[in-house]
Amino acid sequence: MNDEFFAQVDALTEAGQLRRLSGAFARFIASIGASSPPLMAACVLLSELEGRGHSCLLLSELNADPAALLGWNGDEWLHLRASVDGWPEDVASWRTLLAASEQVWPVGGADCSQPLVLDGDRLYLRRYWQDETHVAAAVRGRALGGVLASDADAETAEIRRWLDILFPHATRGGGVDWQKVACAVAMRGKLGIITGGPGTGKTYTVARLLALLFATAGSMRQSGLRVALAAPTGKAAARLKQSIDDALDKLAVLVGTALPLRELTARMGAARTLHSLLGARPDTRAFQHNAGNQLDVDVLIVDEASMIHLEMMSALLAALPPEATLILLGDKDQLASVEAGAVLGDLCHNAEAGEYLPETLSYVQASTGQQIPDDYAGHGGPIAQQTVMLRESRRFGGPIGELALAVNAGNAAKAVEVLRSGQDGKVAWTDFAQPADMLQLALSGYRQYLQLIKNSIADADDVVRLAILRSFEGFRILCAVRDGEWGVSGLNDAIEQRLQSAGLLKRTGEWYVGRPVMVTRNDYATGVFNGDIGLTLPDPARPGALRVYFSEGETVRSVLATRLRNVETAFAMTVHKSQGSEFAHTAMVLPKDGGSMLARELIYTGITRARDYFTLLTPNGQVLLDAIGQRTQRASGLRHLLDN
Ligand SMILES: Nc1ncnc2c1ncn2[C@@H]1O[C@H](COP(=O)(O)OP(=O)(O)OP(=O)(O)O)[C@@H](O)[C@H]1O
């Protein structure tokens, strides 16, 4: 009875509109129980949306037109729907139909390990439902868990004493010192969330929070306070460590002998990727550290939390002992993780408004002396009470900051005004760009590091290699899409050819001197991880052989090029993959046609990768305007679970 439906699904799969897995998943569900055509349709859509980052299917989408969610422009959805007999007319009818299906567990009913879960008006794959409910319960528990007792006046006074030392100056303009507030709030629970745009002082603040935790730990615990630093990518982890070390170094001067901060710095190990912190095992989703074998830490600081997907957040929370403090740092407005979930966005959904309860406001007043204005008072849940948004950027003023703000606010007219002004040469926009414009930009952006390689090839050592790597980090081309002339693959080919014809590189085969590569899969044997970027240089030990060098803080590490199997050329990379990195000059390229994947978060993330200069190239300027007007919404039940 599903023949016509599956014929439609197969046709859409052949046309590249559905992934193969979605049809296969629906057929699997049909194979394990009685199946109705509407259930099959819901399975195809659920699987397809999961592949696009949603953690569940909102039943209301089934009767709306989900074409926008799927990025379909034509009548595909109408045809698919027409092939299904007995399409339920409303959400209540869908709920009844699904709840009666053998393969669906309606939450609260008899649980027979069905693969699908129906929770209210949301249909899940069981794994995502488990992850979401676990994350919600774990963060709520942490937010509520450590709250200071109401008679904790002495503790509050001690926090105040230290905060006044750590933040000796009033803010410019006399407004709320959100950084100070963030430290106080984090001291109140076993969870602190600090969100803010680039340069708003997240790391500056967390260094002070660490000092505060250290100062108030008591001398017994102080000597053994175990702090771990982590981030989703190696690059972000290295940046976090560097910034925290620098900030603690400066703080050590400020606090002097009152606090032996250098002891804390000396004991803090390197920042690690989340995979390495949790002990990822090759070829399995399981981690060495889990609920049965938790991490040995008192404080865990995780940067770039917007990149953490649902499954990873669940694994992280399971592996963290309940008495440890978790601090999440990130920019809630950036692109969500590539994999399913928008965890930081969901956790921070009240951050802008504050929504602080009276108890929070009076605790903040007592522990910081700061009076939070009534505008931020409200009725937020426990996570909102533990979340602070930093609102003033210290490093990101000027036109790049203005542009990022305009995009974030959905103000396309303002964004265009800033781009057109070309202020101080810091921002530039070519709105009817030709491929030749792109190649000219690549030539000037990549000339310097390739020239450095040429000049030093005979006598390079690791100091020189590090300088070459740093020079390469000064410029990057970011693409919104992978395919096509304006996508990563097309541009990488074109740029290679252009640099070759300019005599800057000699492409002799897949591997050549100067080839930048990005690792696309974790490889435990060679110690390289998804997202790592390296440069191909001659192997000093073997004439004719090539090694790929990766920077690691102040040193380099290398792997024989031929041992790297999962890499791609990285003159151009996707905005997604650039998260956690920053380049002095960032050039972003948009394709000729937009689509549902091109939204405000992507443009904002691309702009905020630029430290000093930002260039935008669009063959069709309208695509920018459309993207700024479009928000990415990921279906998830996390907000609902957090607030109820
Ligand atoms: N209250 C402050 N007073 C003086 N300088 C500050 C203050 N807050 C932050 N800064 C400085 O502003 C710069 C940016 O701060 P920081 O690196 O902590 O921001 P961030 O939010 O972590 O940035 P990113 O998003 O890039 O990681 C740093 O040089 C830092 O020392």
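Nothing here was measured: the structure is a model prediction, and the numbers come from that model.

Positive phi outside glycine occurs at Ser113, with the angle close to 55°. Tracing the backbone shows Ser113 in the loop between strand S2 (104-106) and strand S3 (116-119).

Turning to the UniProt feature "binding site: ATP" (unreviewed entry) in the protein, a few remarks are in order. Within this numbering scheme, the UniProt entry marks Gly196, Gly197, Pro198, Gly199, Thr200, Gly201, Lys202 and Thr203 as carrying the feature "binding site: ATP" (unreviewed entry). Take Gly201: it is sitting in the loop between strand S5 (191-196) and helix H11 (202-216). Not counting the four nearest positions on each side in its chain, Gly201 is found in contact with Gln179, Leu390 and Arg394. With respect to the element layout, Lys202 can be found in helix H11. Residue class for Lys202 comes out buried when judged on the 26 C-beta atoms lying within 10 Å of it. Residues within four places of Lys202 in sequence aside, it is in contact with Ile194, Gly196, Leu329 and Leu390.

Another point: the site of the ligand. The environment of the ligand is made up of Gln179, Gly196, Pro198, Gly199, Thr200, Gly201, Lys202, Thr203, Tyr204, Ser243, Arg394 and Arg395. Element by element, the count of residues in the shell around the ligand is highest for H11, at three residues. Of the residues in the shell around the ligand, the class split is two nonpolar, seven polar and three charged.

Quick look at the environment of Asn290 now. Looking at the secondary structure, you find Asn290 in the loop between helix H15 (274-278) and strand S8 (299-302). Overall, Asn290 belongs to the partly exposed group, with 14 C-beta atoms counted inside 10 Å. Placed 29 residues apart in sequence, Asn290 and Ala319 show a C-alpha to C-alpha distance of 4.1 Å. Beyond its immediate sequence surroundings of up to four residues, Asn290 is in contact with Ala318 and Ala319.

Time to look at helix H24 (residues 488-501). Taking 1.5 Å per residue, 14 residues should reach 20 Å; H24 reaches 20 Å between its end C-alpha atoms and fits that length. Among the residues of H24, Val488, Leu491, Asn492, Ile495, Arg498 and Leu499 are the ones counted as buried. The arc that holds the buried residues of H24, viewed along the axis, is 135°, so those residues lie on one side. Packed against the buried residues of H24 are helix H22 (435-456), strand S12 (475-479), strand S17 (567-569), strand S18 (572-574) and strand S19 (583-589). After H24 finishes, the residue Gly503 shows a positive phi value of roughly 75°.

Time to look at the packing of helix H2 (residues 20-31) against helix H3 (residues 37-51). Close contact between H2 and H3 brings their axes to 8 Å; oriented N to C, the two are set at 140°. When the interaxial angle is binned, H2 and H3 end up oblique. Crossing angle aside, the handedness with which H2 passes H3 is right-handed. Two secondary-structure elements touch here, H2 through Leu21, Ser22, Gly23, Phe25, Ala26, Ile29 and Ala30 and H3 through Leu39, Met40, Cys43, Val44, Ser47, Glu48 and Gly51. Among the residues making up the contact of H2 with H3, the classes are represented as nine nonpolar, four polar and one charged.

Strand order in the open sheet made by the five strands is S11-S20-S19-S12-S18, with parallel pairing throughout. In this open sheet, the two edge strands, each paired with only one partner strand, are strand S11 (427-430) and S18. The mean angle between the axes of side-by-side strands here comes to 25°, regardless of whether they run parallel or antiparallel. Strand direction decides the pairing type here: S19 and strand S20 (residues 610-617), joined by six bridges, are parallel. Looking at S20, one finds that Thr586 is bridged to Phe614. Packed on one face of the sheet, H24 meets S12, S18 and S19 and runs near 170° to S18.

The rules behind each value
Residues numbered from 1 in each chain as written. Predicted model: local features only at pLDDT ≥ 70, side-chain atom pairs only at ≥ 80, totals over all residues. Helix = DSSP H or I, 4+ residues; strand = E, 2+ residues; numbered from the N terminus. UniProt positions renumbered as here; feature names shortened; annotations may be inferred. Contact = placed C-beta atoms within 7 Å. Buried ≥ 20, exposed ≤ 12 C-beta atoms within 10 Å, placed from the backbone. Near = placed C-beta within 6 Å. Nonpolar A, V, L, I, M, F, W, Y, C, P; charged D, E, K, R; others polar. Expected span 1.5 Å × (residues − 1). Arc of directions from axis to C-beta. Axes fitted to C-alpha atoms, helices over the stretch in contact; angles between N-to-C directions. Parallel < 35°, antiparallel > 145°, perpendicular 65-115°, else oblique. Left-handed = near helix turned anticlockwise from the far one by under 90°. Pairing = 2+ DSSP bridges.

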